[in-house]
Amino acid sequence: MSVSFPPGFLWGSATAAYQIEGAVREGGRTPSIWDTFSHTPGKTENGDTGDTATDHFHRRADDVRLMADLGLGAYRFSVSWPRVQPTGRGPAVQPGLDFYRGLVDDLLDHGIKPVLTLYHWDLPQELESAGGWPERETAHRFADYARIVADALGDRVDMWTTLNEPWCSAFLGYGSGVHAPGRTDPVAALRAAHHLNLAHGLAAQALRGTLPSHAQLSISLNPSVVRAGSQSPADLDAKRRIDALANRVFADPLLSGAYPQDLFADTAQLTDWSFVHGDDLAVIRHPLDSLGLNYYSPAVVSAATDSHPERSDGHGASEHSPWPGADSVSFHQPPGDRTEMGWSIDPTGLYDLLMHYTREAPGLPLMITENGAAYDDKPAADGSVHDPDRIRYLQGHLAAVHRAMDDGADVRGYFLWSLMDNFEWAYGYGKRFGAVYVDYETQTRTPKSSARWYAELARTGVLPDMPAS
Ligand code: FCB
C-alpha cells in the first residue's frame, strides 16, 4: 500500500563542500585538513583528492537548475571554512562569501530552501597546525567563523546547522585516523569531542545573536543504532560502551547539559576530562529548533573473545580504534544485504533511531539530514543509469520514516545523500552515493532512475509500493 507524507514535509538532497566544490586554490581559499590528508600518500583510495571533485564551484548554476528540474524543495550544503575565512582567523574574503551568496540566490530563485551547514569536516589546516579540535581555542575560532557566515547570509538562509557528524570529526579524525587530520590518539579524540560540542554551543550563541529571530538552529548527528550480539551481560556492556562513545557523548550535553557518568568511568584510564570547564555544559545545551539525524546502517557489537577484536565498523580500516576505552568490544556485520560500502541494509534501524530521539527529546522536531546508499552504478549503452537497488533502499527507509511518524515521531524533512556522486572521503571517487551520476572525465551529470523516482515522490508526497525486483 502506498503512503502519503504530510504537506510541507521537506524533500531535499545533501552535499558537502569538499566533496563537490573543487577549485581548492581559487578566491583566496587556503588548504583544509582534507586537502592535506588527501594529498598524503596512502590516505585515500587511488590517492584521490577533492582538487576538482565535481567542479561544483564552477557549475553551481547548472547544478541548481538540475535540482529544480527534479523538483526538490530543499538543498543541504556546507560552507567551506577556508574558502570564506582563509587560515581560520581574521576577516572573511569576499570571493568565498560571494560564491555562497550566489548559490543561495540561485536556490531561492528556483524556490529551493537552502539548509546551510557550517562545518562538514574541512577545518582550515592552519588551525589544525595550531592544535586542531583537541584544543579549546578551535571552538572559539569556529564561533567567529559562524558569525561571519551569519552576517553574510543571515538575510537569506533560514535553516542553520552548526556541525555535521562531530563523531566522525573527533573519533575518525583523531582516533582511528582514517579521516583528516589522520591522528591516532585516543585522548585527542575525546578532547576533540568536547571541543566540538563546545564549538556547537558557542556558534549557536553567535548565530542567535546575529540571525533574525525566525532563523532555525540545528546540528546533524550520526548516532549509531547499536545492537548487542546477545543478551549476555558482557554483550550488553559492550553495547552500553559504544552507545556512550557514539551517541551519548554528543546527545547528552546537547539535550540535557551533562556528560554520561559511565563514559567518564570507561575512559578514566585515559583522561580525567579536566578539559571540560565550569560553564561549558551550559553553553553546549543551547536550545535547538530541530535535531538532524544521519542514518545509513546499524552496528552489532559484542564483548571481544580474542585479543584482536574486529574493528570493522564500516568507516575504513585502521589498526587504531575509533573507540577510546572500548578495546574489549568487537563489531559484527549483521547478515543480509549490503550496499557497496559493505554496510548492512536495515530500515528498522532508522525507525528505532527516530523513536529513540522522540523519547529522548520530546517536542524537538527531527530532520533526516542524510540517508542513502552507494552502489556500483554504470551507464547503459544509451547513457542512462538504472539503479533499482538504490530505489529499493530509499523506499524501505522512507517507509520506516513514515511508520515512525505514524507512531508519533515529529519528522519534518528528509535529505537524500547525495544529490550527485562525489568524493567519498577516504574511499575517493570509487563509491557512488548520488541520485545523479557524474562522469568525472567530462563532468557530465545524468540523473539516475532513483533521481526520477525521488522527484516523483517530492512532487506528490506519495511513497509508492516497493518496485518489483
Ligand atoms: C556521512 C557523511 C557524508 C557522506 C556519507 C556517505 O558520514 O556525512 O559526507 O560521506 O556519510
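Note that the structure is a prediction, hence the values are computed from the model and not measured.

Student: Account for the side chain of Thr267, with residues named and values stated.
Tutor: Along the chain, the position of Thr267 falls in the loop between α11 (261-266) and α12 (280-284). Assessed through its relative accessible area of 1%, Thr267 is described here as buried. When near neighbours in sequence (up to four residues on either side) are disregarded, Thr267 contacts Leu190, Trp273 and Pro324.

Student: Help me get a handle on the nonpolar core, residues and values and all.
Tutor: Nonpolar side chains in soluble globular proteins tend to be buried together. With 158 residues, the main nonpolar core has Trp133, Phe142, Trp160, Phe171 and Leu354 as its most contacted residues. Sequence-distant contacts of Trp160, defined by excluding residues within four places in its chain, comprise Leu116, Leu118, Val149, Ala150, Leu153, Gly154, Leu207, Leu211, Ala215, Gln216, Leu217 and Ser218.

Student: Describe the packing of aromatic side chains, naming the residues involved and giving the relevant values.
Tutor: Inspection of every chain in the model, using the stated rule, returns 38 aromatic pairs. Counting every residue linked through ring pairs, the aromatic cluster contains Tyr18, Trp34, Phe37, Trp121, Phe423, Trp425, Tyr429 and Tyr440. The side chain of Arg403 reaches across the aromatic face of Tyr351, ending 3.8 Å from its centre.

Student: Lay out the sheet that holds strand β8 (residues 291-294) in plain terms, naming residues and giving numbers.
Tutor: Each strand in a sheet pairs with its neighbour through backbone hydrogen bonds, running either in the same direction (parallel) or in the opposite one (antiparallel). Taken in spatial order, the eight strands of this closed barrel run β2-β3-β4-β5-β6-β8-β11-β12, and their pairing is parallel. The sheet shows a mean angle of 25° between the axes of neighbouring strands, taken without regard to direction. Strands β4 (113-119) and β5 (159-164) of the sheet are contacted by helix α7 (residues 136-153), whose axis makes an angle of about 160° with β4.

Student: Which residues make up unusual backbone geometry, and what values do they have?
Tutor: Omega for the peptide link from Ala180 to Pro181 comes to 5°, which places this bond in the cis form. Structurally, Pro181 can be placed in the loop between α8 (166-176) and α9 (186-210). At the junction of Trp417 and Ser418, the peptide bond is cis and its omega measures out at 10° in the coordinates. One non-glycine residue, Asn46, adopts positive backbone phi at about 60°. Tracing the backbone through its elements, the reader meets Asn46 in the loop between α2 (33-38) and α3 (56-69).

Student: Provide a residue-level description of the sheet that holds strand β9 (residues 299-303), including the pertinent values.
Tutor: The mixed open sheet is built from three strands, whose spatial order is β7-β9-β10. Looking along the sheet, the strands with just one partner apiece sit at the ends: β7 (226-228) and β10 (329-332). Averaged over all neighbouring strand pairs, the angle between strand axes comes to 40°, with direction disregarded. The pairing of β7 with β9 spans three bridges and is parallel. Note on β9: the bridge partner recorded for Arg227 is Val300.

Student: Outline the environment of Gln125, listing residues and values.
Tutor: Within the fold, Gln125 resides in helix α6 (residues 125-129). Setting aside residues no more than four positions away along its own chain, Gln125 makes contact with Pro31, Ser32, Ile33 and Thr36. Only 2.8 Å separates the side chain of Gln125 from the side chain of Thr36, close enough to count as a polar contact.

Student: Account for the pattern of salt bridges, with residues named and values stated.
Tutor: When the charged atoms of two side chains with opposite charge come close together, those side chains can pair. What the rule picks out here adds up to 38 salt bridges. For Arg59, the salt bridge is made with Asp55, and the minimal N-O distance between the two is 2.9 Å. The partner of Glu135 in a salt bridge is Arg191, with the nearest N and O atoms 3.7 Å apart. Of this pair, Glu135 sits in the loop between α6 and α7 while Arg191 sits in helix α9, and the two are 56 residues apart along the sequence.

Definitions and cut-offs
- Residues numbered from 1 in each chain as written.
- Predicted model: local features only at pLDDT ≥ 70, side-chain atom pairs only at ≥ 80, totals over all residues.
- Heavy atoms only, no water.
- Helix = DSSP H or I, 4+ residues; strand = E, 2+ residues; numbered from the N terminus.
- Buried < 20%, exposed > 50% of the residue type's maximum accessible area, 1.4 Å probe, protein only.
- Contact = heavy atoms within 4.5 Å.
- Core = buried A, V, L, I, M, F, W, Y, C linked by side-chain atoms within 4.5 Å.
- Phe/Tyr/Trp six-rings, centres within 6.5 Å; stacked < 30°, edge-to-face > 60°.
- Lys NZ or Arg CZ within 6 Å of the ring centre and 35° of its normal.
- Pairing = 2+ DSSP bridges.
- Axes fitted to C-alpha atoms, helices over the stretch in contact; angles between N-to-C directions.
- Polar contact = N/O pair within 3.5 Å; in protein donor to acceptor, adjacent residues only side chain to side chain.
- Salt bridge = Lys/Arg side-chain N within 4 Å of Asp/Glu carboxyl O.

Function cannot be inferred from these measures alone, as they are strictly geometric.
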